[in-house]
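Now for the letters of each chain:
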Amino acid sequence: MKKTTQFRRLLNSNQLEFICEAHNGLSARIVEEAGFQGIWGSGLSISAQNGVRDSNELSWTQVLDSLEFMSDVTSIPILLDGDTGYGNFNNMRRLVKKLEQRDIAAVCIEDKLFPKTNSFIRSGTQPLADINEFSGKIKAGKDAQSDDDFAIVARVEAFIAGWGIAEALRRAETYHKAGADAILIHSALSVPDEVIAFKQEWGNRCPVLIVPTKYYTTPTDQFREHKFSMVIWANQILRSATTAMQKSAQNLFEEKNLLSLEDQVVPVSEIFRLQGAKELQEAEKRYLPKSAKGVHAILLGASRGEELGELTIDKPKIMVKINGKPILSHIVDTYNSVGIKHITVVRGYMGQKVNLPNIQYVDNDEFDSRGELLSLQKALVQFSSTDKDMIISYGDVLFNKYIPQILAEEEEDFVVAVDTNWKESVNLNRKADYTSCSMAHSRLSFNKNIYLNKIAEHLEEYEKHGEWMGFLKVSNRVIPKLTAVLDSILSKTNEDKSEMSLLINTLIDQGHTIRVLYTTGHWLDIDSLADIEIAGGFK
Ligand code: SPV
Ligand code: MG
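What counts, and at which threshold
Residues numbered from 1 in each chain as written. Chains lettered and ligands numbered in written order. Predicted model: local features only at pLDDT ≥ 70, side-chain atom pairs only at ≥ 80, totals over all residues. Heavy atoms only, no water. Helix = DSSP H or I, 4+ residues; strand = E, 2+ residues; numbered from the N terminus. Buried < 20%, exposed > 50% of the residue type's maximum accessible area, 1.4 Å probe, protein only. Lys, Arg positive; Asp, Glu negative; His and termini not counted. Salt bridge = Lys/Arg side-chain N within 4 Å of Asp/Glu carboxyl O. Contact = heavy atoms within 4.5 Å. 1 Å grid on protein atoms, 1.4 Å probe; cavity = no way out; pocket = protein on both sides within 12 Å on 5 of 7 lines; lining within 4 Å. Points joined across faces, edges and corners; volume = space filled by probe spheres on them. Nonpolar A, V, L, I, M, F, W, Y, C, P; charged D, E, K, R; others polar. Domains from an automatic or database assignment. Near = heavy atom within 4 Å. Polar contact = N/O pair within 3.5 Å; in protein donor to acceptor, adjacent residues only side chain to side chain. Areas by Shrake-Rupley, 256 points an atom, 1.4 Å probe, with all protein chains shown as cover. Sits in = over half its atoms within 2 Å of the grid points. Axes fitted to C-alpha atoms, helices over the stretch in contact; angles between N-to-C directions. Parallel < 35°, antiparallel > 145°, perpendicular 65-115°, else oblique.

Here we look at the side chain of Glu-17
With respect to the helices and strands, Glu-17 occurs in strand 1 (residues 17-22). Although Glu-17 lies buried, it forms no salt bridge, and the closest oppositely charged side chain, Arg-224, sits 8.9 Å away as judged by the N-O distance. Those residues in contact with Glu-17 that sit more than four places away from it in its chain are Leu-10, Gln-37, Ser-229, Met-230 and Val-231.

A look at helix 15 (residues 372-380)
For helix 15, the full list of buried residues reads Leu-373, Leu-374, Ser-375, Leu-376, Ala-379 and Leu-380. On the buried face of helix 15, the contacting elements are strand 9 (296-301), strand 12 (342-347), strand 13 (360-363), strand 14 (390-394), helix 17 (479-490) and helix 18 (500-509).

Considering empty space enclosed by the protein
This structure, assessed with the given rule, holds 2 cavities of 30 Å³ or more. As for the largest cavity, its lining consists of 17 residues, of which Leu-44, Asn-118, Arg-155, His-186 and Ala-234 are closest to the centre. Grouping the constituent residues of the lining of the largest cavity by class yields 5 nonpolar, 7 polar and 5 charged. Lining the second largest cavity, in full, are Gly-43, Ile-46, Ser-47, Arg-53, Asp-54, Ser-55, Asn-56, Glu-57, Leu-58, Val-63, Asp-83 and Tyr-86.

Quick notes on the domain arrangement of the protein chain
Looking at the protein chain, the domain boundaries give domain 1 (3-244) and domain 2 (290-535). A straight line from the C-alpha centre of domain 1 to that of domain 2 covers 67 Å.

Some thoughts on the site of ligand 1
Lining the immediate environment of ligand 1, one finds Trp-40, Ser-42, Gly-43, Leu-44, Asp-81, Asn-118, Ser-119, Phe-120, Arg-155, His-186 and Ala-234. Contact distances for ligand 1 include 2.7 Å between an oxygen atom and a side-chain N or O atom of Ser-42. Take Asp-81: an N or O atom from its side chain is 2.7 Å from an oxygen atom of ligand 1. For ligand 1, the protein covers 100% of the area, taking 280 Å² as the surface of the free molecule. Judged by the fraction of its atoms near the pocket grid, ligand 1 is located in the largest cavity. Its residues assigned to classes, the shell around ligand 1 shows 4 nonpolar, 5 polar and 2 charged.

A few points about the packing of helix 2 (residues 25-34) against helix 12 (residues 268-275)
Axis separation between helix 2 and helix 12 bottoms out at 10 Å; the angle between their running directions is 85°. Considered as vectors, helix 2 and helix 12 are oriented roughly perpendicular to each other. Contacts between helix 2 and helix 12 pair Leu-26, Arg-29, Ile-30 and Glu-33 from the former with Arg-273, Leu-274 and Gln-275 from the latter. Residues of the contact of helix 2 with helix 12, tallied by class, amount to 3 nonpolar, 1 polar and 3 charged.

Side note on the environment of Lys-137
If you trace the backbone, Lys-137 turns up in helix 6 (residues 131-144). Judged by relative accessible area, which is 3%, Lys-137 ranks as buried. Counting along the chain gives 305 residues from Lys-137 to Ser-442, while the straight-line C-alpha distance between them is 77 Å.

The following block contains the structure:
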């Protein structure tokens, strides 16, 4: 419902309604969350939160700026305390136009002179506006509004300025005739006598609003009994924030540490929530291009690597040094270079020797008797609910950084990298994972989406389209699915030694599509001493 319509319904409802002061976006949101159905855009509070006086020291456009923040973060109507309308009838017209543009539901103007003074400062000496001039201002405002539901509240300051009930009623009647939708009758007494006397005489000619700041001891039921339309809690949010800020500042100054304060204040996460941080995170997922940043890498690195002989007597293969640093460091550096810093390594053989910093470790003590799928299962336990995509790869495959980059950018649920240059692979005469795909790599496959048919060690030449390089990118959407498939495979005891290729083929059998990204070279499977030489040597 439009905010103007919401406010009109509050004004005309047959029960007592309450609106509460706010003075910036944060306080407006807090007031709405508390349950209020409307906000008082208090002139006193908006001035005070900027450290200036409630004497029109803020320009009217500065007030508008504050209102815009308040309006943007809330769905309930705002009644602006528009002081005297910031000038004459002409300024009032422009004010109404600008308020409507900012989705402000209503404005209240008071019959005093610009620059105004707060009603509780030297109240008795305050001059009132000329009654006819003020009525013209109301008329001009009503004529300027384009939304019929926009409301103008006329605030009668006769009691504040020391005039009696007759003057208050005369003014209210004139303003009502000029088109005011409601009257705010203000009083600086500590008892509600003036406003109640007014209401009794006024009857139900139009809704009447009150601001019980000074007569705060009055039970709310009295306002109900006298059929006031609306109570405005005009400054209590500003004042309670001030109490809290003074206390905290004093505490910090004296204690010079955060210990005694931390439990007394909301956590930073509450501020993020009030700012709507979550919505932005979700929008980023919709609108930002995917990048490797934030992807989680899982490295399967539990096996010893017997084929490297002596090199793996006292450490696992992933810790064997190439070019002066362990294979694992090379892999971590490559992932890091594209922004992937969440890395989990499943270690097994001589696990305690795998101890590079900034990596999460998962241990698979059954690395010898069971296959790599058990390692993956152990790692996945940590990711039952994650909002990150993951790339699963091997602890002994070196690669160029563009490979995780293109995998991460891909939107589909499952993606693998396939080397078209398999005839040049180091694996040519040893065990390799060949792939059969929906289309061979050629000029014809340019711009086509290619999908995986199967992975196998032995394939007929005609259906061999490349070699799987050991990378499986999984979107966070399907991690639970992946986990379920994995669990079902491992629940069959004869699949003890099963490998990643079985998992991928099972996913295909179950109807999942696995996107293939063809690449050429730029990776190296370290499976022999010769591979180490190729990669850069032992030193
Ligand atoms: C305000 O909140 O700025 C008001 C109400 O105008 S009062 O301070 O009571 O005048
Ligand atoms: Mg005010």
